[in-house]
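# Report on the structure
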Amino acid sequence: MFVKEVTVQNHVGLHARPATFFIQKANEFKSSIWVEKQERRVNAKSLLGVLSLGIVGGTEIKIIADGTDEEQAIDSLVKLIESGFAE
């Protein structure tokens, strides 16, 4: 299991469009991936789950992955978040 904390950079957070990019990226990996915000954990491959966290800009989240490509998955998702989803 691999865990990394990251702060959401873009000012609007993970609303529909960035959340879709995030989920598409998460689905590229075989590992199970979760997003955690304040003790609440959801499947990172679920649009409804990610949107239900209500992640806004400046929020710190944890990305957790477990599987054969866990480190690659987290590194890729962290890069996407740090890029601000090109917004």
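As a reminder, the structure under discussion sits directly above these lines.
A brief look at the structure comes next. (Residues numbered from 1 in each chain as written. Predicted model: local features only at pLDDT ≥ 70, side-chain atom pairs only at ≥ 80, totals over all residues. Heavy atoms only, no water.)

## Comments concerning the pairing of strand β3 (residues 40-43)
Consecutive residues of a regular strand have side chains that alternate between opposite faces of the sheet. Of the pairings in the sheet, the one linking strand β2 (residues 32-37) to β3 comprises 4 bridges and is antiparallel in character. Among the inter-strand pairings, Val35 is bridged to a residue of β3, identified as Val42. Counted along the chain from β2 to the antiparallel partner β3, the turn is 2 residues long, and its residue Gln38 has a positive phi close to 50°. (Pairing = 2+ DSSP bridges. Helix = DSSP H or I, 4+ residues; strand = E, 2+ residues; numbered from the N terminus.)

## With respect to the environment of Ala65
Along the chain, Ala65 turns up in strand β4 (residues 60-66). Distance in space between the C-alpha atoms of Ala65 and Lys25 is 13 Å, their sequence separation being 40 residues. Filtering out sequence-adjacent residues up to four positions away, Ala65 remains in contact with Met1, Phe2, Ser31, Ser32, Ile33, Glu70 and Ile74. (Contact = heavy atoms within 4.5 Å.)

## A short note on the packing of helix α1 (residues 16-26) against helix α3 (residues 70-82)
Remark: α1 packs on α3, axes separated minimally by 10 Å, with the N-to-C direction vectors making an angle of 165°. Looking at the two axes, α1 sits roughly antiparallel to α3. When you trace α1 past α3, the crossing you get is right-handed. Counting all contacts with α1, which are made through Phe21, Phe22, Lys25 and Ala26, the residues of α3 involved are Ser76, Leu77, Leu80 and Ile81. Class assignment for the residues of the contact of α1 with α3 results in 6 nonpolar, 1 polar and 1 charged. (Axes fitted to C-alpha atoms, helices over the stretch in contact; angles between N-to-C directions. Parallel < 35°, antiparallel > 145°, perpendicular 65-115°, else oblique. Left-handed = near helix turned anticlockwise from the far one by under 90°. Nonpolar A, V, L, I, M, F, W, Y, C, P; charged D, E, K, R; others polar.)

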